[in-house]
Amino acid sequence: MERSFFPHKERRSLQPLRPVMKQTLSELMRMSRICRMIFATCLGSLILVIFYSQSMFQPVMRRNPFGVDGCCRKGSRNALQELYNPTQLEMSGPAVLHQARRDQVADACRVNSASSRKRRVLTPGDLKHLVVDEDHELIYCYVPKVACTNWKRVMMVLAGRGKYSDPMEIPSNEAHIPSNLKTLNQYSIAEINHRLKNYLKFLFVREPFERLVSAYRNKFTLKYNSSFHKRFGTRIIRRYRKNATQDALLNGDDVKFKEFAEYLVDPATQRDGPLNEHWQTVYQLCHPCHIHYDLVGKYDTLEDDANYVLRLAGVGEFLRFPTYPKSTRTTDAMTAQFFSNISTQQQIQLYQLYKLDFLMFNYSMPSYLRLD
């Protein structure tokens, strides 16, 4: 009886263990799969780390300095900090020069506060000329006829995150497409204030009458600018030319500088609204009495001042401001010739119109003016 009982009891006790053993085996197999997955993940991560480390030690010039990985130096000093507290000795001299230019603007705004600060609150429309580069924390106010095409090209390279590398490969008409650059008026008020406080703000200026004559020559003496001829030339000829021919009234492509000057100083022009940006004053385009510009570059020292901005931004090693042909540039002598053909009254009125630009940016009254 005992021999027949114990085997039976043993068989009964083994049956409940079989599901447990199956479950344990299943868990071991599952853990094995998890271990293989973890191992594969670790191996993949190790390969990525090795690949990234190798790429970091490639020669700098083989990498695009304006790509996402190269344009911004996270945690480094920005252009604003470098301007006011330069770490390199060669940056100290230009810093002193631009401090003097800032002081000149501030003094002119203070002395002429009645005319220079008529509006104390800027609107978004006042900020449409301020181009923003987020990566390098720059704000550039572009002034037409002061190398603004090349500056827009440079800003497209800086803000393009690798899309562009050579400014001169960008067609001039593409540089003027509004959607290719972001301007300050596209931000919220809080975002605007933050950028005005923390980004380096700069503009470039030119002797006011040189800039004016340059605008006239470009927009009214070149045949390809037919849109300006139609929009402004026909209006100017209709108002100020006696016995104008039908061809001149229709095409507006032979505006004389004397007629252009008369148009600018006519109170009716002021009532029509703001002047076109190509001959509008700098203080109306960039509002230097309301916006504190950290750097004021000048057309006669364009390349030095422009490359100084690029060094402050940390890209001077990779990017230089484009050179430009000087043979076609409007000179002081050329400007004097144009002004000799207008009356003394027009000269006085034009000087009054651009007086703040003369004073703010330290341009002396031209010797060719007949103001007595």
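Quick caveat, the model's predicted, so the values are computed rather than measured.

(A) Up close: the overall build of the protein chain. Check the secondary structure of the protein chain and you find 17 helices and 5 strands. At a minimum sequence separation of 6, the contacts of the protein chain that also span at least 24 residues come to 70%. When the accessible surface of the protein chain is split by element, carbon and sulfur atoms take 56% of a total near 21600 Å².

(B) Structural view of the state of the cysteines. Enumeration according to the criterion identifies 2 disulfides in this entry. Paired by a disulfide, Cys109 and Cys289 hold their sulfur atoms 2.0 Å apart. Disulfide Cys109-Cys289: the torsion about the S-S bond is -90 degrees, which places it as left-handed. With Cys109 in helix 4 (residues 92–111) and Cys289 in the loop between helix 14 (282–286) and strand 5 (295–298), the pair connects residues that are 180 residues apart, well separated along the chain. Each member of the pair, Cys109 as well as Cys289, carries the same accessibility label: buried. Covalent S-S linkage joins Cys141 and Cys286, the inter-sulfur distance amounting to 2.0 Å. The chirality of the disulfide connecting Cys141 with Cys286 is left-handed, given an S-S dihedral of about -90 degrees. With Cys141 in strand 2 (residues 138–141) and Cys286 in helix 14, this residue pair connects regions lying 145 residues apart in the sequence. Residue Cys141 is classed as buried on the basis of its relative accessible area, which comes to 0%. Along the protein chain, the cysteines engaged in disulfide bonds are linked according to the scheme 1-4, 2-3 when indexed in sequence order.

(C) Examining the confidence of the model for the protein chain more closely. On average, residues of the protein chain score 84 in pLDDT, and 78% of them are at 70 or above. Counting contacts from residues 1–17, a segment whose pLDDT is below 50, to residues more than four positions away or on other chains yields 1 contact. Every residue in residues 48–75 scores below 50 in pLDDT, and together they form 29 contacts with partners more than four places removed in sequence or on other chains.

(D) How the structure looks around empty space enclosed by the protein. Tallied over the full model, the rule gives 1 cavity of 30 Å³ or more. Of the pockets and cavities examined, the largest cavity occupies roughly 30 Å³. For the largest cavity, the full set of lining residues is Arg206, Pro208, Arg211, Val282, Tyr354 and Asp357. Counting residues per element, the ones that place at least two in the lining of the largest cavity are helix 9 (208–220) and helix 17 (344–360). Grouping the amino acids of the lining of the largest cavity by side-chain chemistry returns 3 nonpolar, no polar and 3 charged.

(E) Summary view of the pattern of salt bridges. Counting across every chain of the model gives 10 salt bridges. One salt bridge connects Lys201 with Asp294, and the closest N-O pair in it is separated by 3.1 Å. Taken together, the residues span a long stretch of sequence, with Lys201 in strand 4 (residues 200–205) and Asp294 in the loop between helix 14 and strand 5 at a distance of 93 residues. Under the relative-accessibility criterion, Lys201 is labelled buried at 5%. In this structure, Arg241 and Glu259 form a salt bridge, with 2.8 Å as the shortest nitrogen-oxygen distance. Here Arg241 is found in the loop between helix 10 (226–240) and helix 11 (246–251), whereas its partner Glu259 is found in helix 12 (residues 257–265), with 18 residues between them in sequence. Side by side, Arg241 and Glu259 carry an identical accessibility label, which is buried.

(F) Structural view of the packing of helix 12 against helix 17. The contact between helix 12 and helix 17 brings their axes to 10 Å, and the two run at 50 degrees. Taken together, helix 12 and helix 17 sit at an angle that is classed as oblique. Seen from above, helix 12 lies across helix 17 with left-handed handedness. Of helix 17, the residues touching helix 12 (which contributes Lys258, Ala261, Glu262, Leu264 and Val265) are Gln346, Gln349, Leu350, Leu353 and Tyr354. When its residues are assigned to classes, the contact of helix 12 with helix 17 shows 6 nonpolar, 2 polar and 2 charged.

Criteria and thresholds
Residues numbered from 1 in each chain as written. Predicted model: local features only at pLDDT ≥ 70, side-chain atom pairs only at ≥ 80, totals over all residues. Heavy atoms only, no water. Helix = DSSP H or I, 4+ residues; strand = E, 2+ residues; numbered from the N terminus. Contact = heavy atoms within 4.5 Å. Areas by Shrake-Rupley, 256 points an atom, 1.4 Å probe, with all protein chains shown as cover. Disulfide = S-S within 2.5 Å. Buried < 20%, exposed > 50% of the residue type's maximum accessible area, 1.4 Å probe, protein only. pLDDT = per-residue confidence, 0-100. 1 Å grid on protein atoms, 1.4 Å probe; cavity = no way out; pocket = protein on both sides within 12 Å on 5 of 7 lines; lining within 4 Å. Points joined across faces, edges and corners; volume = space filled by probe spheres on them. Nonpolar A, V, L, I, M, F, W, Y, C, P; charged D, E, K, R; others polar. Salt bridge = Lys/Arg side-chain N within 4 Å of Asp/Glu carboxyl O. Axes fitted to C-alpha atoms, helices over the stretch in contact; angles between N-to-C directions. Parallel < 35°, antiparallel > 145°, perpendicular 65-115°, else oblique. Left-handed = near helix turned anticlockwise from the far one by under 90°.

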